[in-house]
Structures are given as C-alpha cells and as structure tokens.
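If you want the building blocks of each chain, they are given just below.
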Amino acid sequence: MSLTSAFVKKLASNDKPTRDAALEALRKYLASKTLKSGNSLSLLDMEKLWRGLYFSMWFCDRPKAQERLAESLGQLYLENIKSVESFLLFTKAFNLIMIKEWASIDQWRIDKYYLLIRRVLRHNFQYLKKNQWDLELVKKWTQVMMETILSGGDKVPVALPYHLCDIFLDELELIMFADIEDREVDENDPEDMKQKLEELNKEKIAIANEVPIRELIEPFTKLSKEAKLKTLREKTKEDVLDNEKLVEWGVVRNSNGNKGGNSEGSEEDEDDEDEEDEDEEDEWKGF
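Rules used in this analysis
Residues numbered from 1 in each chain as written. Predicted model: local features only at pLDDT ≥ 70, side-chain atom pairs only at ≥ 80, totals over all residues. Heavy atoms only, no water. UniProt positions renumbered as here; feature names shortened; annotations may be inferred. Helix = DSSP H or I, 4+ residues; strand = E, 2+ residues; numbered from the N terminus. Contact = heavy atoms within 4.5 Å. Areas by Shrake-Rupley, 256 points an atom, 1.4 Å probe, with all protein chains shown as cover. Salt bridge = Lys/Arg side-chain N within 4 Å of Asp/Glu carboxyl O. Buried < 20%, exposed > 50% of the residue type's maximum accessible area, 1.4 Å probe, protein only. Phe/Tyr/Trp six-rings, centres within 6.5 Å; stacked < 30°, edge-to-face > 60°. Axes fitted to C-alpha atoms, helices over the stretch in contact; angles between N-to-C directions. Parallel < 35°, antiparallel > 145°, perpendicular 65-115°, else oblique. Left-handed = near helix turned anticlockwise from the far one by under 90°. Nonpolar A, V, L, I, M, F, W, Y, C, P; charged D, E, K, R; others polar. Core = buried A, V, L, I, M, F, W, Y, C linked by side-chain atoms within 4.5 Å. Domains from an automatic or database assignment. 1 Å grid on protein atoms, 1.4 Å probe; cavity = no way out; pocket = protein on both sides within 12 Å on 5 of 7 lines; lining within 4 Å. Points joined across faces, edges and corners; volume = space filled by probe spheres on them.

Looking at an unreviewed UniProt entry, one finds the protein chain named Ribosomal RNA-processing protein 1 and attributed to Lodderomyces elongisporus. The Subcellular location (unreviewed entry) comment attached to the protein chain in UniProt states, word for word, "Nucleus".

What follows is the structure, encoded as structure tokens:
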C-alpha cells in the first residue's frame, strides 16, 4: 500500500483519534513533499489525499467540530503547501474531488461541504494575498477554476458554481480588507460619520487597485457568456459581475456611469449588454 493510500484509509476512519493523528501526520508529509524548490506529488496523489480529507469531513458530525475541521483543512494551503506548483495542484485536486463526490452527499451533510468550500476559497485568497496577488499566479489559479468547478461543463454539479457565485466576492472582500483598522465614529455627528465613511471607501478603492480583481472574476465573465444553462449565466451576472461591491471598489461603473479606481470597465459593460440582447432575441415570445 502506498503512503498516500495509507493516509486515505486513516483519514476516512470512523475513529476520531485515528483521523486526528492522520491529519497531523499529513501536515508534515505535505510540508516535506511540496518544498519551494519543487513538488514530488502528482495530481493523482493530491486527489487521493483530498478523498481522504473528504471522508474525514464526512465523519465529523457536530457543527463546531465541522467548523474547526473545515478551517484546519483550509489552513493546509498556507501552513503546509510550500510551492506554487503544489498550491495549484492541491486546489485542482480539491475541486475534482468535490465534482466527483457531490452526487453522493445527502441532505444532512450538504451544509458541511458548503462550509468546506467556503473555507478552502478563503485560504486560496489568503495564499494569493501572501504572494502579493502576483498576476501570473492569479491567472494560473483562475485557469484551474475554469478547468474544474467553473468550467460550465456537463459533469460539474450546478450547485458548485452556484455556491461560488454566492460566496466569491464576500470571501474576496474579507481577505482584501482584512488589514483595515476599525474607525471610531461619533454616531451623534452626521458629518463625522460621513467623513469616516468617505475615508473608508477611499482606502478600500486604493487597496482594490492593487488587486487584479478583473482577472479573479474572469471565470464568471466567461461563464456569463458560455454557460449552457441560462440560469447559471444569469446568476454569474447578478451575483458577481453586476454586484455593487465591484462598483464600491472602483472596478466597474455604476448605473450613472461613475466609477472609481481602475480605468477599465466600459467594454465589459457593453459586452454584458450585448449578451443580454442576444438572450432576449433567442427567447421565443409566442405568436
């Protein structure tokens, strides 16, 4: 039996101490196999490990314990994955396992896997932030997403891209602005509140200008045009591409044509309008 297969067996044990010991051993194993100078684990190895971690979550029953475990699995990206190549493979492996196993998840366990996906996405963003939102790394990461959960393919359960539409900008916001300090506001002074809010918005736009947000949401831009399901095309537009957060961060224009921060955006808006016109033309309106 290979070492990765042995991990899977122990991580999938219904005995909690066995699972906990296996997870701790896995941390050290990943750190030794994903050195900054390279990666000695294949995509298949990574998939085997994530399958074991998937079953580790399966046997975790109590809400607080599920939250702790989801956070621990997400932290593997920051604390135990050492090379960029390993980070991308580990992300791809997780996505592939979610796609393959999703149909087997029952209604009593579905929420814990939604939580796991959220935590993994959060730590993916933390990893990208740790690497100064390097543009080439961001592009490689979005390519992984477009090859897997956000591919729009028939084999991808629609609940997965739907869930990412729901959480993507919330998790990005959480990580992007994590270092902004709280401001003390005099609630009895409207002018003070207005001034502090303006300062906060300017600070957010300045931070957002340093993050390649357009590249990060590129998978949704592509889905909004190419997804076979009209409901998915509409959801990507409504929850991501037309989200007010992008206006607040200065990424896209608002309905009045005003926007802060980045100078790009008008072509994207025109493309979205053209796509909506095409959708309307495709719909049968009766005799």
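**Q** Explain the overall build of the protein chain to me, please; I cannot follow it from the model alone.
**A** Within the protein chain one finds 14 helices and zero strands. Ordering the α and β elements of the protein chain from the N terminus gives α-α-α-α-α-α-α-α-α-α-α-α-α-α. Expressed as a percentage of contacts within the protein chain between residues at least 6 apart in sequence, the contacts between residues at least 24 apart total 70%. For the protein chain, the exposed surface amounts to about 15,500 Å²; the carbon and sulfur share of it is 47%.

**Q** Would you mind showing me how to read the pattern of salt bridges here?
**A** Charged atoms that come close allow side chains of opposite charge to pair. What the rule picks out here adds up to 18 salt bridges. Residue Lys 100 pairs with Glu 47 through a salt bridge whose shortest N-O separation is 2.6 Å. Taken as a pair, Lys 100 in helix α5 (residues 84–101) and Glu 47 in helix α3 (residues 43–58) lie far apart in primary sequence, 53 residues in all. Using a relative accessible area of 11% as the deciding quantity, one classes Glu 47 as buried. Put simply, Glu 101 and Arg 51 hold a salt bridge, and the shortest N to O gap is 2.1 Å. Of the two residues, Glu 101 is situated in helix α5 and Arg 51 in helix α3; the sequence distance between them amounts to 50 residues. Within the structure, one salt-bridge network assembled from shared partners comprises Glu 24, Arg 27 and Glu 79.

**Q** Hey, could you run me through the packing of aromatic side chains in this one?
**A** Aromatic ring pairs are described here by two measures, namely the spacing of the ring centres and the angle between the planes. Taken as a whole and judged by the stated rule, the model has 16 aromatic pairs. Ring centres 3.9 Å apart and planes at 10 degrees place the aromatic pair Phe 87 and Tyr 127 in the stacked group. Residue Phe 87 is located in helix α5, and its partner Tyr 127 is located in helix α6 (residues 110–130); the two are separated by 40 residues in the primary sequence. With a relative accessible area of 0%, Phe 87 lands in the buried category.

**Q** Sorry, what's going on with the environment of Leu 116 here?
**A** Relative to the assigned elements, Leu 116 resides in helix α6. Exposure remark for Leu 116: the relative accessible area of 0% places this residue in the buried category. Separated by 44 residues in sequence, Leu 116 and Ser 72 place their C-alpha atoms 9.8 Å apart.

**Q** What should I look at first to understand the packing of α3 against α6 in this one?
**A** Packed helices, taken two at a time, are described by their axes: the angle between them and the distance between them. Remark: α3 packs on α6, axes separated minimally by 10 Å, with the N-to-C direction vectors making an angle of 130 degrees. As the angle between them shows, α3 and α6 are arranged oblique. Here α3 runs over α6; the crossing is right-handed. Residues Trp 50, Tyr 54, Met 57 and Trp 58 of α3 lie in contact with α6, whose contacting residues are Lys 112, Tyr 113, Leu 116 and Val 120. The residue makeup of the contact of α3 with α6, split by class, is seven nonpolar, no polar and one charged.

**Q** Before we go on, may I ask you to explain the nonpolar core in this structure?
**A** Judged by nonpolar contacts, the single largest core of 79 residues is most densely connected at Trp 50, Met 98, Phe 125, Trp 141, Ile 213, Leu 216 and Trp 249. When residues of this core are assigned to domains, at least three fall in each of domain 1 (1–131) and domain 2 (138–180 + 195–253). Those residues in contact with Met 98, other than ones at most four positions away along the chain, are Tyr 54, Tyr 113, Leu 116, Ile 117 and Leu 160.

**Q** How should I be thinking about empty space enclosed by the protein in this particular structure?
**A** Enumeration over the complete set of coordinates arrives at two cavities of 30 Å³ or more. Considering the residues around the largest cavity, the lining is formed by Thr 91, Phe 94, Asn 95, Ile 117, Val 120, Leu 121, Asn 124, Trp 141, Met 145, Ile 149 and Leu 164. Looking at the lining of the largest cavity, the elements with two or more residues in it are α5, α6 and α7 (135–147). It is α6 that provides the largest number of residues to the lining of the largest cavity, a total of four residues. Per-class residue counts for the lining of the largest cavity are eight nonpolar, three polar and no charged. Two domains each provide a minimum of three residues to the lining of the largest cavity, namely domain 1 (1–131) and domain 2 (138–180 + 195–253).

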